Amino acid sequence: MSRGPLPLGAGERLIFALDVPDRAQAIAWVERLGDAVSFYKIGMELLASGDYFAVLDALAQRDKRVFVDLKFFDIPATIAGVVRGLSRWPVSYCTIHGWHPAMMEAAAAANASDMRLLAVTVLTSMGRPDLARMGIDRAPVEVVVERALAAQRAGIDGVIASGQEAAPIRAATGAGFSIVCPGIRPDGGGGDDQQRTVGVARAFADGADAIVVGRPIRLAPDPRAAALEIQREISDAIDKNQSLA
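How each quantity is defined
Residues numbered from 1 in each chain as written. Predicted model: local features only at pLDDT ≥ 70, side-chain atom pairs only at ≥ 80, totals over all residues. Heavy atoms only, no water. Buried < 20%, exposed > 50% of the residue type's maximum accessible area, 1.4 Å probe, protein only. Helix = DSSP H or I, 4+ residues; strand = E, 2+ residues; numbered from the N terminus. Contact = heavy atoms within 4.5 Å. Pairing = 2+ DSSP bridges. Axes fitted to C-alpha atoms, helices over the stretch in contact; angles between N-to-C directions. Core = buried A, V, L, I, M, F, W, Y, C linked by side-chain atoms within 4.5 Å. Salt bridge = Lys/Arg side-chain N within 4 Å of Asp/Glu carboxyl O. Right-handed = clockwise from strand over helix to strand, strands pointing away.

1. With respect to helix H4 (residues 76-86)
For the α-helix, the turn length of 3.6 residues means that residues three or four positions removed from each other point alike.
In step 1: Listed as buried for H4 are Ile79, Ala80, Val83, Gly85 and Leu86.
In step 2: Lining the buried residues of H4 we find helix H3 (52-61), strand S3 (65-72), strand S4 (93-97), helix H5 (101-110) and strand S5 (116-120).

2. Regarding the sheet that holds strand S2 (residues 39-42)
In step 1: Reading around the barrel, the eight strands line up as S1-S2-S3-S4-S5-S6-S7-S8 and close back on themselves, with parallel pairing between neighbours. Neighbour-to-neighbour, the strand axes of the sheet open up by a mean angle of 25°, direction not taken into account.
In step 2: Here three bridges tie S5 to strand S6 (residues 158-160), and the two strands are oriented parallel to one another. Bridging from a neighbouring strand, Ala119 pairs with Val159 of S6.
In step 3: Taken strand by strand, H4 contacts S3, S4 and S5, and its axis lies near 170° from that of S3.

3. So, the nonpolar core
As a rule of thumb, soluble globular proteins bury nonpolar side chains together.
In step 1: Grouped together as the largest cluster of nonpolar side chains are 67 residues, with contacts concentrated most on Leu14, Leu18, Ile42, Ile156, Ile169 and Ile211.
In step 2: The leading source of residues in this core is helix H7 (residues 140-154), at seven residues.

4. Here we look at the pattern of salt bridges
In step 1: The final tally for this structure, using the stated rule, is twelve salt bridges.
In step 2: For Glu146, the salt bridge identified is with Arg138, shortest N-O distance 3.3 Å.
In step 3: The closest approach of N and O atoms between Asp209 and Arg170, which form a salt bridge, is 3.1 Å. Of the two residues, Asp209 sits in the loop between helix H9 (200-205) and strand S8 (210-213) while Arg170 sits in helix H8 (residues 166-173), which places them 39 residues apart along the sequence.
In step 4: Looking at Asp209, the relative accessible area reads 14%, which means it is buried.
In step 5: When salt bridges with common partners are traced through the structure, they connect Asp19, Lys41, Asp69 and Lys71 into a single cluster.

5. Section: the pairing of S2
In step 1: Side chains Phe39 and Lys41 project from S2 onto one buried face, and the interleaved Tyr40 and Ile42 project onto a second face that is buried too.
In step 2: Judged from the three bridges that link them, strand S1 (residues 14-17) and S2 form a sheet pairing that is parallel. Bridging from a neighbouring strand, Phe16 pairs with Tyr40 of S2.
In step 3: With helix H1 (residues 23-33) bridging S1 and the parallel S2, this β-α-β connection has right-handed handedness.
In step 4: Relative to S3, S2 runs parallel, the two being bridged by four bridges. Across the sheet, the residue bridging to Tyr40 is Val66, located in S3.

Given below as structure tokens:
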């Protein structure tokens with residue numbers, strides 16, 4: 001059964017993608033960003049280093065929230081075991097693929113902690129031609145909303161999806177279902193391997209609970225200043241949404 005949205009404090013709606021190859025670089029980024037970032041996503045690149053859980057512990061010791069983004073996808077029994085084990089760690093978000101209802105149901109039943117499970121819908125690097133090559137000749141938004149509803153029925157807490165689909169997801173699922181949006185570009189544009197991108201203000205106006213940002217911070221001339229500017233945009237967007245409510 002869904003636990004409802006993760007309570008997010010000021011500064012916790014920006015999640016920095018800690019896409020680095022080892023613990024030393026991960027900690028260097030945490031120290032460099034300081035109080036500008038309170039929530040970190042750790043994914044597959046770091047997993048390959050062997051330092052994954054050392055970084056997870058280091059983040060928790062610094063009172064940072066952790067998003068485990070490993071996109072689990074396997075038979076229900078295996079996924080249940082993974083989620084059961086991971087729920088012993090201080091994790092706020094964890095991703096599983098949203099393709100298999102029985103797997104999602106097993107994951108939700110195995111989650112014995114406050115960790116929120118997010119179903120991966122359609123990767124933000126994919127467009128309609130990519131789906132067609134997989135035998136799914138439909139617009140990404142149709143597939144994303146369908147998978148969001150399937151995740152909700154299975155007891156999953158939310159989805160990770162492009163901000164382009166945040167509004168239709170929110171309309172379909174209602175309040176109480178988390179939407180976390182990667183592929184955020186402060187100028188709203190792309191220019192890299194991310195196809196379905198939006199800006200900060202639009203993501204929150206359309207119903208996002210949190211956003212994941214990597215390269216726009218990591219490649220900025222002053223990463224901490226870039227993170228603080230995104231935090232300001234988030235605060236402004238939330239204030240605007242509340243005033244319109």
